[in-house]
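A look at the structure
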Amino acid sequence: MERRLAAIVCADIAGYSRMMGADEAGTHAAFKAHRTAVYPIILNHGGRLVKNTGDGFLLEFPSIVGAIEAAVAMQIQMAERNNHIPADRIMQFRMGIHMGDVMADEDEVFGDDVNIAVRLETVAAPGGIAISAKAHSEASRHLSVALVDAGPHRFKNIADPIHVWSWEPAGSDGRRGQKETSSHLPAQYRTAIVGVLPFANLSGSDDEYFSDGLTEDLIHALSLQSFYRVLSRNSTFSFKGKNVSTRLIAREIDATYLIQGSVRRAGAKIRVTSELIAPENGEQLWTGRYDRDIGDLFAMQDEITTSLSAAIATEIYRAEASAPARASNDITAWDRFLKGLSYYYLQTKDDFETSIGLFKEAIALDPTLSIARAYLATIQIQGIQFGWIKSTRELWDSAMSLAESSVRLDPRSSFAFQILAYLHALQGHQEAATDAAKRGAQLNPYDMGARGVLGMCHLMNGEHRQAIELFSMAAQRGNSDPRYQWAAVNAFSHYLLGQYDASLSWAREALYVNPNHLQALAVRTAALAQAGRAEEAANAAEVLLGDYPGLTVERHLRNFHWKNAADIAHYRDGLLKAGIPATSLARLEPPISLKTNS
């Protein structure tokens, strides 16, 4: 296998899958025409086409100057061609350029430097070019175009940050072309790239449409998350029916995680299995199986998609949070955030405190990092509910400010709207809570958090049957996500309906995860008292007061802003029956001694 020094250019079309969805034949024909038009530019600068990649291509040049000049010339020509077509048919290349030692085997090139060029393409603006600092250093004094310092970027599986320089055509505002990315985070924060392989159809050929449709729906559902990037259908469907290892597929499409599965029909039932894989080491991170009656086929497909996306998204968050630390001394906001996330998932008081400090560091390093603000608001309020953090007006104001700024910084994040809705609901702002919750659900209808937070609005309004329906759905499909405490709030809704046995079951579920959960301990105590289980209620009250010695009914109820006064009275009654003190006992002063003259 030959090794040689080369300049690599990676290009793809921004928004290609969107355009294919609108007009498959027309988009493919237009792409071929553009590719043919720029081919002479490649040859004139000494380059060669290594391979086509469906919606782009990979080029090799012997000179880094020639590579950059060719890329600029191609982008200028594409801008001119786009001036003559409607806005919805515009095609814009994104290009990444790097140089280094590559391995050549027949007509292919391989190696880390090829991978870096591919990663650089993902951070280029539509119609623009992203160039590594190494390539810029070698070529800058020979170039006639101006490059802009875009700063260091982090890329998955690349140990050190890559400093990036960028170029865009004069007058470009980056808005005509739509950058195809599922993540709402800035490019340097998109660490995870997810590929969904076509689900295997294990039934007859008549069911092929269902397995393909389920795959496409899952790609769409996962792409609505704002934590990672999901590759388009075109990137993964080329592997359909091919016996290729997941490791090779991941390297080909540059995926951090792969999802694969199968569909089998038996009479009136369908079984769907799926797994999430870390392809570099072959580790199976998650597996799930769903057995459903066919019934309404589209409704069943939507339900499976929702369940799959809820489970998989949570596991990707967890996997990224537990990934090994990068071997670099360069501390970034994203590093701090991911480290904070790893402590958050441990769900202990000490780890919460560590996580809060790391989230604050992330925000200090980058005040625009919306997701860190949303998580910090979440953990502050959960800390209050768990009894680990003292409830103060300043803390509630801080959490609200974080949630509001998270929405402003990323108005397409369902999670940001969820935490904003949750905070409004807890403080009794019913209308604002409902508006924010509905916005979160609209942004991502597959997100169980969005549905559960709508349930919180029903709970606060006294609409407990509607709340239970949404809480139970969210708990069933997204029960491993610690951002949400569906078991605890489900316990309250059942309690307020007088369904004390169900309330106790949900409280027990919450206490399995966190035995010191203040609110779960409290509602369990009240439910036992209302159910007439006086001895157990007294024991539960003893445990509650043992963990939280200063607790009184009035102090506990300060943070409850339920709309119905009857709900508050019902909960107060249960706590008092169990023996929780109503108020702090005032310290009695000794009586003043009145002396008389005798």
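Before any of the text, the structure's been laid out above.
Nothing here was measured: the structure is a model prediction, and the numbers come from that model.

1. Side note on the pairing of strand S14 (residues 283-293)
- The pairing of strand S13 (residues 269-278) with S14 spans 10 bridges and is classified as antiparallel. If you follow Val-272 over to S14, its bridge partner there is Tyr-290.
- With antiparallel pairing between neighbouring strands as the criterion, S13 and S14 make up a hairpin whose turn holds 4 residues, including Gly-282 at a positive phi of roughly 75 degrees.

2. Here we look at the packing of aromatic side chains
- Per the counting criterion, the structure on display carries 22 aromatic pairs.
- A ring pair is formed by Tyr-484 and Trp-486, whose centres lie 5.0 Å apart and whose planes are at 5 degrees; its orientation type is stacked. Neither residue differs from the other here; Tyr-484 and Trp-486 are each classed as buried.
- Measuring from centroid to centroid gives 5.4 Å for Phe-560 and Tyr-571, while their planes differ by 50 degrees, and the two rings are tilted. Within this pair, whereas Phe-560 is found in the loop between helix H22 (553-557) and helix H23 (565-578), its partner Tyr-571 is found in helix H23, the two being separated by 11 residues in sequence.
- By relative accessible area, which is 11% here, Phe-560 ends up buried.
- For Tyr-571, a relative accessible area of 0% puts it in the buried group.

3. Quick look at the nonpolar core
- Residues Tyr-228, Phe-337, Leu-341, Tyr-375 and Tyr-571 are the most contacted members of the largest nonpolar core, which totals 131 residues.
- Among the elements that line this core, the one with the most residues is helix H9 (residues 297-321), at 12 residues.
- Not counting residues up to four positions away in its chain, the partners in contact with Leu-341 are Phe-227, Tyr-317, Ala-321, Phe-359 and Tyr-375.
- Counting residues in each nonpolar core, the second largest holds 36 residues, with Val-9, Phe-31, Met-91 and Leu-143 among its members.

4. What to know about the layout of surface pockets
- Put simply, the second largest pocket is a space of about 590 Å³.
- Along the wall of the second largest pocket there are 26 residues; nearest its centre are Ile-384, Ser-391, Leu-518, His-556 and Asn-559.
- Listed by contribution, the elements that provide at least two residues to the lining of the second largest pocket are helix H12 (370-386), helix H14 (414-426), helix H16 (448-461), helix H18 (486-496), helix H20 (518-530) and H22.
- The leading source of residues in the lining of the second largest pocket is H16, at 3 residues.
- Among the residues making up the lining of the second largest pocket, the classes are represented as 15 nonpolar, 8 polar and 3 charged.

5. Considerations on the environment of Ser-203
- For Ser-203, the position within the fold is in the loop between strand S10 (200-201) and helix H6 (208-223).
- The exposure class of Ser-203 is partly exposed, given its relative accessible area of 23%.
- In this view, Ser-203 contacts Val-263, Arg-264 and Arg-265; residues no more than four positions away in its chain are not counted.
- Looking at Ser-203, its side chain comes within polar contact range of the main-chain nitrogen of Arg-265, at 2.5 Å.

6. A few points about the pattern of salt bridges
- Applying the stated criterion across every chain yields a total of 20 salt bridges.
- As a salt-bridge pair, Asp-291 and Arg-289 come within 3.6 Å of each other at their nearest N and O atoms.
- Two residues, Asp-573 and Lys-577, come together in a salt bridge whose shortest N-O distance is 3.4 Å. Residue Asp-573 and its partner Lys-577 are located together in helix H23, separated by 4 residues, close to a single helical turn.
- Since its relative accessible area comes to 32%, Asp-573 is described here as partly exposed.
- Sharing partners across several salt bridges, the network here consists of Glu-2, Arg-4, Arg-48 and Glu-60.

7. Digging into H18
- The buried fraction of H18 is high, at 11 of 11 residues.
- Trp-486, Ala-487, Ala-488, Val-489, Asn-490, Ala-491, Phe-492, Ser-493, His-494, Tyr-495 and Leu-496 are the residues of H18 that are buried.
- Phi turns positive one or two residues past the end of H18, at Gly-498, with a value near 80 degrees.

8. Side note on unusual backbone geometry
- Phi is positive for Gln-347, which is not a glycine, with a value near 55 degrees.
- With respect to the helices and strands, Gln-347 occurs in the loop between helix H10 (333-344) and helix H11 (349-365).

9. Focus: the environment of Met-91
- Note that Met-91 resides in the loop between helix H3 (64-82) and strand S4 (93-105).
- Apart from the residues lying within four places of it in its own chain, the contact partners of Met-91 are Ile-13, Tyr-16, Met-19, Thr-27, Ala-30, Phe-31, His-34, Met-78 and Asn-82.

10. Some thoughts on a nonpolar patch on the surface
- Taken together, the side chains of Tyr-39, Leu-43 and Leu-49 define a hydrophobic patch exposed on the protein surface, amounting to about 250 Å² of accessible area.
- Structurally, the position occupied by Leu-49 is in strand S2 (residues 48-52).
- A residue is classified by how much of its surface remains accessible, and Leu-49, at 31% relative accessible area, is partly exposed.

The rules behind each value
Residues numbered from 1 in each chain as written. Predicted model: local features only at pLDDT ≥ 70, side-chain atom pairs only at ≥ 80, totals over all residues. Heavy atoms only, no water. Pairing = 2+ DSSP bridges. Helix = DSSP H or I, 4+ residues; strand = E, 2+ residues; numbered from the N terminus. Phe/Tyr/Trp six-rings, centres within 6.5 Å; stacked < 30°, edge-to-face > 60°. Buried < 20%, exposed > 50% of the residue type's maximum accessible area, 1.4 Å probe, protein only. Core = buried A, V, L, I, M, F, W, Y, C linked by side-chain atoms within 4.5 Å. Contact = heavy atoms within 4.5 Å. 1 Å grid on protein atoms, 1.4 Å probe; cavity = no way out; pocket = protein on both sides within 12 Å on 5 of 7 lines; lining within 4 Å. Points joined across faces, edges and corners; volume = space filled by probe spheres on them. Nonpolar A, V, L, I, M, F, W, Y, C, P; charged D, E, K, R; others polar. Polar contact = N/O pair within 3.5 Å; in protein donor to acceptor, adjacent residues only side chain to side chain. Salt bridge = Lys/Arg side-chain N within 4 Å of Asp/Glu carboxyl O. Patch = residues over 30% accessible without salt bridge, like charges linked within 9 Å, V, L, I, M, F, W, Y side chains within 5 Å. Areas by Shrake-Rupley, 256 points an atom, 1.4 Å probe, with all protein chains shown as cover.

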